[in-house]
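Listed here are the chains, written in short residue letters.
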Amino acid sequence: MRTSYRIASVLSFLCFCLFVVTSVTAQDAAPSEPAADTATTAGPATTVDAAAEADKLLVVPEGTPAELLEHIKSTMMQIRGLDLQTQEEQDAFLRKWTGFCVQVADKVLAQNPEPKEKKEACQLKLQGLVMSTIGPFADKNSGKKADLLAFAEELAKMDDPELSIQGKMLPLLLQIIDLGESKDFIKDATALRTKILDFIKANETPEMASLLLQFVMLCDQQGPEKETAAFLKETGELFRPILEKQNPQLGQFLDMTLERSARNAALIGQEMKLEGLDITEKKFEISSVRGKVVLVDFWATWCAPCLAEVPNMKKAYEKYKDKGFEIVGYSLDEDVDALKAYLAEEKTPWTVLSGTMTVAANLEDVAETYQIEGIPAMFLLDKEGKIISTKARGENLDKQLEEIFGK
């Protein structure tokens, strides 16, 4: 059920909204273990009635603060089972969900709730505003960013230390996210790093580690490989004492990120070696598409972030395929039947190799060769087969293809 991946992915995003540090692949899936499909929590609505059923869930009821907050928890469980069929339907629902969160939170806060309920409502409102501003389906032109910053200012003045620090951190977090749009990444990242360190000197709390790690991860994911590797090495020396003071394991997390950044930087300009078997057991070699710009996508059917990339990949494929653009997928699914079923349902138009079948045929495991730690991992190759990007996903892919082929 396609919707379950999308909904589950966005629900997990709530942790990010609250600045909870979880793991190095907070938004990616580890390639070695399938993520559990939690969509079976509630039975799905029928296809015909799915949109109507979804809207019924988002009616704000009357009730006490405790009842309203419990209603949110109940509703969150129910939306996991929605069977919306298209990404447009899913995104439309999720935009409504963010507004629903804010409305319920405001209704709770208007009743002068107890401190615990007030805190929960503030966090709920923060979730809704963050998701509508910087979530995976956010409308950047909605004007919600101003609402988010205004609420952050309110939070910063609250007596609750956790809410206050979240409010103070939020403007910096938004600047970290906006860094991905920078035209001079390293210059702007350097300036923002200074701001973050100055902020920490004035507001040293455990939450600071989250801010530092979000900055490091954003740089690792968005910055140009070679320049970013050097920048992050320098940044690591500045951040390490702060992170390890809170938890020595955060220093290990930092090391993993720096190692990956350096490894990716070393790949730029290298010719990619790739061969494998597709689901028909036909052998494929990357040299067969030499002369084309090629996106190599390491993915799996059980990986929600991987599936979230597919619509954008299809748009890019249709737009540039006649100009010399090709896609080659490399699936890490152990269940080959599940892979075949997915490809048949999606009518995937590009070549997809099965890592499981490839290894079974005693061919090189390319995912292991390139030390793929999290998926999706998307490499862009030039016409000579050399790696020009290890971060070719989402808007990064769009920008890079526009630079190569033009709009």
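Coordinates for the structure precede this section.
So, here is what we can say about the structure in this document. (Residues numbered from 1 in each chain as written. Predicted model: local features only at pLDDT ≥ 70, side-chain atom pairs only at ≥ 80, totals over all residues. Heavy atoms only, no water.)

## Considering the overall build of the protein
When you go through the protein residue by residue, the secondary structure sums to 16 helices and seven strands. Counting only residues that meet the buried cut, the protein has 49% of its 407 residues in that class. Carbon and sulfur atoms make up 51% of the accessible area of the protein, which amounts to about 19,500 Å² in all. (Helix = DSSP H or I, 4+ residues; strand = E, 2+ residues; numbered from the N terminus. Buried < 20%, exposed > 50% of the residue type's maximum accessible area, 1.4 Å probe, protein only. Areas by Shrake-Rupley, 256 points an atom, 1.4 Å probe, with all protein chains shown as cover.)

## A closer look at the packing of helix H10 (residues 225-246) against helix H11 (residues 248-267)
As a packed pair, H10 and H11 sit with axes 9 Å apart at the nearest point and diverge in direction by 175°. Accordingly, the angle class assigned to the pair H10 and H11 is roughly antiparallel. Across the interface between the two elements, Glu 225, Lys 226, Thr 228, Ala 229, Leu 232, Lys 233, Gly 236, Arg 240, Leu 243, Glu 244 and Gln 246 from H10 touch Pro 248, Leu 250, Gly 251, Leu 254, Asp 255, Leu 258, Ser 261, Ala 262, Asn 264 and Ala 265 from H11. Of the residues belonging to the contact of H10 with H11, the class tally is nine nonpolar, six polar and six charged. (Axes fitted to C-alpha atoms, helices over the stretch in contact; angles between N-to-C directions. Parallel < 35°, antiparallel > 145°, perpendicular 65-115°, else oblique. Contact = heavy atoms within 4.5 Å. Nonpolar A, V, L, I, M, F, W, Y, C, P; charged D, E, K, R; others polar.)

## Comments concerning the nonpolar core
Counting residues in each nonpolar core, the largest one holds 49 residues, and the members touching the most others are Phe 298 and Phe 325. A per-element tally of this core places helix H12 (residues 304-320) first, with seven residues. Sequence-distant contacts of Phe 298, defined by excluding residues within four places in its chain, comprise Met 272, Cys 306, Tyr 330, Val 366, Ala 367, Ile 372, Ile 375, Pro 376, Ala 377 and Phe 379. (Core = buried A, V, L, I, M, F, W, Y, C linked by side-chain atoms within 4.5 Å.)

## A word on the pattern of salt bridges
Taken as a whole, this structure holds 23 salt bridges when the rule is applied. Among the salt bridges present, the one from Arg 290 reaches Glu 271, with a minimum N-O distance of 3.5 Å. Taken together, the residues span a long stretch of sequence, with Arg 290 in the loop between strand E2 (283-285) and strand E3 (293-299) and Glu 271 in the loop between H11 and strand E1 (275-278) at a distance of 19 residues. For Glu 271, a relative accessible area of 44% gives the class partly exposed. (Salt bridge = Lys/Arg side-chain N within 4 Å of Asp/Glu carboxyl O.)

## What about the state of the cysteines?
Scanning the model with the defined rule gives one disulfide in all. At a sulfur-sulfur separation of 2.4 Å, the disulfide partner of Cys 303 is Cys 306. Between Cys 303 and Cys 306 the disulfide shows an S-S torsion of about 80°. By sign, it is right-handed. Just as Cys 303 is buried, Cys 306 falls in that class too. (Disulfide = S-S within 2.5 Å.)

## Examining the sheet that holds strand E4 (residues 325-331)
Pairing between the strands of a sheet comes from backbone hydrogen bonds, and it takes one of two forms, parallel or antiparallel. Ordered in space as E2-E1-E5-E4-E3-E6-E7, the seven strands form an open sheet in which the pairing is mixed. The outermost strands of the open sheet, each flanked by one partner alone, are E2 and strand E7 (387-389). Each strand axis lies, on average, 40° off the axis of its neighbour in the sheet, ignoring direction. Bridge count for E4 against strand E5 (residues 351-354) is four bridges, and the pairing is parallel. Counterpart to Val 328 in the pairing with E5 is Thr 351. In this fold helix H13 (residues 336-346) packs onto E3, E4 and E5, with an angle of close to 170° to the strand it touches most, E5. (Pairing = 2+ DSSP bridges.)

## Some words on the pairing of strand E6 (residues 377-381)
Extensive coverage of E6 is indicated by the burial of five of its five residues. Both faces of E6 are covered, namely the face carrying Ala 377, Phe 379 and Leu 381 and the face carrying Met 378 and Leu 380. Bridge count between E3 and E6: five bridges; the pairing is antiparallel. Paired with Asp 297 across the two strands is Met 378, which belongs to E6. When E6 meets E7, the two strands line up antiparallel, connected through two bridges. When the sheet's bridge partners are listed, Leu 381 is paired in E7 with Ile 387. Connecting E6 to the antiparallel partner E7 that follows it, the hairpin turn spans five residues, and Gly 385 within it adopts a positive phi of roughly 85°.

## A word on the pairing of E3
Extensive coverage of E3 is indicated by the burial of seven of its seven residues. Alternating residues of E3 divide into Val 293, Leu 295, Asp 297 and Trp 299 and Val 294, Val 296 and Phe 298, and every residue in both groups is buried. As paired strands, E3 and E4 are joined by seven bridges and run parallel to one another. Note that in E4 the partner of Val 293 across the bridge is Phe 325. This β-α-β element, E3 to H12 to E4, shows right-handed connectivity. (Right-handed = clockwise from strand over helix to strand, strands pointing away.)

## Points about the packing of helix H8 (residues 185-202) against helix H9 (residues 208-222)
At a minimum axis separation of 11 Å, H8 and H9 run at an interaxial angle of 175°. It follows from the interaxial angle that H8 and H9 lie roughly antiparallel. Across from Phe 185, Ala 189, Leu 192, Arg 193, Ile 196, Phe 199 and Ile 200 in H8, the residues of H9 making contact are Met 208, Leu 211, Leu 212, Phe 215, Leu 218, Cys 219 and Gln 222. For the contact of H8 with H9, a count of residues per class yields 12 nonpolar, one polar and one charged.

## As for H11
Here H11 contains 20 residues, and its C-alpha end-to-end distance of 30 Å stays within 8% of the 28 Å for a straight helix at 1.5 Å per residue. Looking at H11, one finds that the buried residues are Leu 250, Gly 251, Phe 253, Leu 254, Thr 257, Leu 258, Arg 260, Ser 261, Arg 263, Asn 264, Ala 265 and Leu 267. With a side-chain oxygen lying 2.9 Å from the backbone nitrogen of Gln 249, the N-terminal cap of H11 falls on Asn 247. Remark: Gly 269 follows H11 within two positions and exhibits a positive phi of approximately 90°. (Expected span 1.5 Å × (residues − 1). Polar contact = N/O pair within 3.5 Å; in protein donor to acceptor, adjacent residues only side chain to side chain.)

## Overview of unusual backbone geometry
Glycine aside, negative phi is the norm for most residues, and most peptide bonds take the trans geometry. Between Ile 375 and the following residue, Pro 376, the backbone shows a cis peptide bond with an omega angle of 5°. By the secondary structure assignment, Pro 376 is in the loop between helix H15 (366-369) and E6. Within the chain, Gln 371 stands out as a residue other than glycine whose phi angle is a positive 50°. The topology assignment puts Gln 371 in the loop between H15 and E6. We classify Gln 371 as partly exposed; its relative accessible area is 44%.

Taken by themselves, the reported measurements are silent on function.
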